[in-house]
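Overview (structure and organization)
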Amino acid sequence: IKKMSNKNLQNIKIKIDGKTIEFHVIKQQTEGLVAKHGKYTYSGAYKKSLANGNGTLCKDNKKYLEGTWKNGSLVNGKKYNEKKEGEIEYQGTFKDGLYDGTGILIWDPFFEEKYEGSFKHGKKNGVGKLYYYDKGKWNLDFEGNFKNDKKYGFGKEYIEYGNEMRPLYIGEFR
């Protein structure tokens, strides 16, 4: 690692949560660079002043985003849970720094929940499955269509019956 000189790249742009942010380059390495902006630090490959290739974005010195970047945006990788260091919150494809395409999202508002399926503009959209974690395993709660983060269109809601999940409702959701 060598210190930056005036002849080298000064700034790079990275898209986080849909917003483009300019990072100041601190160090340039053989395989990439290290750049900072406030509580964020990017370490990885770049091309033409944009994050490009493999890289990791840390927030408050903890992994936040990691994977393959293209033109300043994470396109495929992982987002880590900010409250539980080292735990993956999302794994899948991204567009403009938002969940987009296919992925798995795990979140923890009161208890563990998981969504596997399609995303668009950072929201559940298309076909997917919702699960909840109980008694040491993931249990299917809903499978069907989503629109703007909500159950929408045809789907099946499940209920626990003994040791198995059985359909409770099959039909349209609005």
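Please refer to the structure placed before this passage.
What comes next is a walk through the structure.

Rules of the game
- Residues numbered from 1 in each chain as written.
- Predicted model: local features only at pLDDT ≥ 70, side-chain atom pairs only at ≥ 80, totals over all residues.
- Heavy atoms only, no water.
- Salt bridge = Lys/Arg side-chain N within 4 Å of Asp/Glu carboxyl O.
- Helix = DSSP H or I, 4+ residues; strand = E, 2+ residues; numbered from the N terminus.
- Buried < 20%, exposed > 50% of the residue type's maximum accessible area, 1.4 Å probe, protein only.
- Phe/Tyr/Trp six-rings, centres within 6.5 Å; stacked < 30°, edge-to-face > 60°.
- Lys NZ or Arg CZ within 6 Å of the ring centre and 35° of its normal.

1. Concerning the pattern of salt bridges
- Applying the stated rule across the entire model yields eleven salt bridges.
- K15 serves as the salt-bridge partner of D96, at 3.6 Å between the closest nitrogen and oxygen. Placement of D96 in the loop between β9 (88-95) and β10 (98-107) and of K15 in strand β2 (residues 11-16) is noted, with a sequence separation of 81 residues between them.
- What makes D96 partly exposed here is its relative accessible area of 37%.
- Among the ionic pairs, E89 bridges to K79, the shortest N-O distance being 3.9 Å. One end of the pair, E89, is in strand β9; the other, K79, is in strand β8 (residues 73-80), and ten residues separate them in sequence. An identical accessibility class is assigned to E89 and K79; each is buried.

2. Some points on the packing of aromatic side chains
- In this structure the tally under the stated criterion is 13 aromatic pairs.
- An angle of 80° between the planes, with centres 5.0 Å apart, marks the rings of Y115 and F146 as edge-to-face. Remark: F146 occurs in strand β13 (residues 137-147) and Y115 occurs in strand β11 (residues 113-120); sequence separation between them is 31 residues.
- Its relative accessible area of 0% is what places Y115 among the buried residues.
- Here Y133 and W138 contribute two aromatic rings whose centre-to-centre distance is 5.0 Å and whose plane-to-plane angle is 65°, an arrangement assigned as edge-to-face.
- The class of Y133 is partly exposed, set by a relative accessible area of 37%.
- Note on W138: relative accessible area 29%, which makes it partly exposed.
- An aromatic cluster is built from Y90, F94, Y99, Y115, F119, F142, F146, Y169 and F173, whose rings are joined through pairwise contacts.
- The residue whose ring lies beneath K114 is Y131, and the NZ or CZ to ring-centre distance is 5.1 Å.
- Just above the ring of Y152 sits the side chain of R174; from NZ or CZ to the centre is 4.7 Å.

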